[in-house]
Each structure stands twice: as C-alpha cells, then as structure tokens.
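# A look at the structure
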Amino acid sequence: MGNQAGSVCSTYSRTAILLHWGIAALVLTTIPIGWYGAAYDTDRAQAAIGLHKSIGMIILALSLVRTGWRLSHRPPPLPTTIAPALRWAARATHTAFYVLLLVLPLSGWWMTSADHDRDAFGFGPFAVPFLPVPRGEASAGPAHFVHTNLAWLMMGLVTLHIVAVLKHILFDDEQDIVARMLPAPD
C-alpha cells in the first residue's frame, strides 16, 4: 500500500522504502571503504577512496530524490502509543539523517575539489565536475574536518536507529512500526 501526497496510510510508499534501503546499504558500504582508504597509502587504498567518492555522489543524488519525495509525500503517522518525547526524538533523528545525507557528500565533494591533487572521480566515462571552491589546505582541511566528524555522527545515528528498531521489536512488541518500512509481499 503506498501513500499519495497529503494522504495518510499505515506504510511507507514503495518509493520511500526503496530509497530508504538503497541509501542505507550505500551508507553502510561507503563508510568502511572511506576509512580503509584514508588509513593506508597504497594503490588499493587510493582505489577505495575513488569508490568512496563515487558512492558518495550516488548517495547525494538519491538523497536529493528522497528529500523531494519526503517533502511531497506524508509519512505514515507514528502510533499514538509512542510517548511525546520519543516522537520528538524520532523526528529529530530523521531530520538529522536527511541533513547528514546531504552535507556528508557535499563536504566530501568540497574536500575533493579543494585538494591540491584533485583526483578526478566519477562513474566510468562520466567525471564529476569539481566545485568552484578555493584550492589548497585552507579549504580542504575544514571540509575534511566536517566530513570526518559527520561520518562519526552518521554512524552514531545509524546505531541509535538500529537500537530503536530492536527496542520496538523486542521490548515494546511493536512489529507494526518496523513493518512500515519493509517491502510488502506481492
């Protein structure tokens, strides 16, 4: 069952579910690839950084689509049994996810554009253009700081999100709230 703009239903739309799980898989893939690439100075690590950058651009594109979709399609309401403080926490966490899914790739793109080496990245024959930002460490350094620290925040939010899902399933007996984001059987 999907929801139309402005309507309310008990599950997320297929598009929202696909974007959620696709972006989640890409985030959970790209963060360890980025950490690996940053930790070593080898050809394999540099290839990992290139892959990390390319996945980041896919995350950015999908996150822009997801943000547009979310702004034009109401999510299903939380059950009335959820305490007001937990409702606020859920909204704050989801807002933080949306911000991070946009700012993390943008800060990485800024860092790459400002880097003195300016290694091109992209998808096969399609190179991603560099942002028109100042080149050098004075520009790349702060972008790196933001990117790295927001990656840690992202991992914290992912962990919090998983713990909340497990709480709903194991302790609150609220499988329905979790099932809203699972693909419906055809």
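Before reading on, note that the structure itself is shown above.
One structure accompanies this document, and this report is about it. None of these values were measured; they are calculated from a predicted model.

### Thoughts on the packing of aromatic side chains
Each aromatic ring pair is summarised here by two numbers: the centre-to-centre distance and the angle between the ring planes. Evaluation of the coordinates by the stated rule reveals two aromatic pairs. When the centroid spacing of 5.2 Å and the interplanar angle of 45° are considered together, the rings of tyrosine 36 and tyrosine 40 count as tilted.

### Regarding the side chain of serine 13
By secondary structure assignment, the location of serine 13 is in the segment before helix H1 (14–39). Here alanine 16 takes part through its backbone nitrogen, which lies 3.1 Å from a polar atom of the side chain of serine 13.

### With respect to the nonpolar core
Grouped together as the largest cluster of nonpolar side chains are 16 residues, with contacts concentrated most on Val27, Ile59, Leu100, Leu101, Leu104 and Met154. Residue assignment for this core shows that the elements contributing at least two residues are H1, helix H2 (43–72), helix H3 (84–114) and helix H4 (137–171). Of all the elements, H4 adds the most residues to this core, at five residues. In this structure valine 27 touches Ile59, Leu101 and Met154, once residues within four positions along its chain are discounted. Within the second largest apolar cluster, five residues are counted, among which are Met57, Leu60, Phe121 and Val128.

### Topic: the layout of surface pockets
Roughly 1500 Å³ of internal volume is contained in the largest pocket. Every residue lining the largest pocket is counted, 49 residues in all, and those nearest its centre are Tyr12, His20, Ala90, His94 and His161. Those elements that provide at least two residues to the lining of the largest pocket are H1, H2, H3, H4 and helix H5 (175–179). The element that contributes the greatest number of residues to the lining of the largest pocket is H3, accounting for eleven residues. Partitioning the lining of the largest pocket into residue classes produces 32 nonpolar, ten polar and seven charged.

Parameters and conventions
Residue positions are given per chain, counting from 1 as you read along its sequence in written order. pLDDT decides what is reported in this predicted model: residues at 70 or higher carry local features, side-chain atom pairs at 80 or more are listed and counted, and totals for whole chains, interfaces and linings draw on all residues regardless. To obtain the side-chain values, all non-hydrogen atoms of the structure were used and water was disregarded. Between the rings of Phe, Tyr and Trp (Trp by its six-membered ring), a pair exists once the centres lie within 6.5 Å; its type follows the angle of the planes, with under 30 degrees stacked, over 60 edge-to-face, and the other angles tilted. Starting at the N terminus, helices and strands are each numbered in turn, a helix being any DSSP run of H or I of at least four residues and a strand any DSSP run of E of at least two. Pairing of N or O atoms within 3.5 Å defines a polar contact, subject to two protein rules: one partner must be a possible hydrogen donor and the other a possible acceptor, and residues neighboring in sequence count only if both atoms are side-chain atoms. Joining through side-chain atoms within 4.5 Å is the link that ties buried Ala, Val, Leu, Ile, Met, Phe, Trp, Tyr and Cys residues into a set, and such a set is a nonpolar core. Note on exposure labels: buried denotes an accessible area under 20% of the residue type's maximum, exposed denotes more than 50%, and partly exposed covers the range between, all computed with a 1.4 Å probe on protein chains only. Note on contacts: a residue pair is in contact if any heavy atoms of the two residues lie within 4.5 Å. Here the term cavity refers to a set of points on a 1 Å grid, laid over the protein atoms alone, in which a 1.4 Å probe fits but cannot get out; the term pocket refers to an open set having protein on both sides within 12 Å along at least five of seven lines, with lining residues being those that place an atom within 4 Å of a point. Grid points are joined across faces, edges and corners, and a volume is the space filled by probe spheres set on the points. Under the grouping applied here, Gly and all other residues not named as nonpolar or charged are polar, the nonpolar ones being Ala, Val, Leu, Ile, Met, Phe, Trp, Tyr, Cys and Pro and the charged ones Asp, Glu, Lys and Arg.

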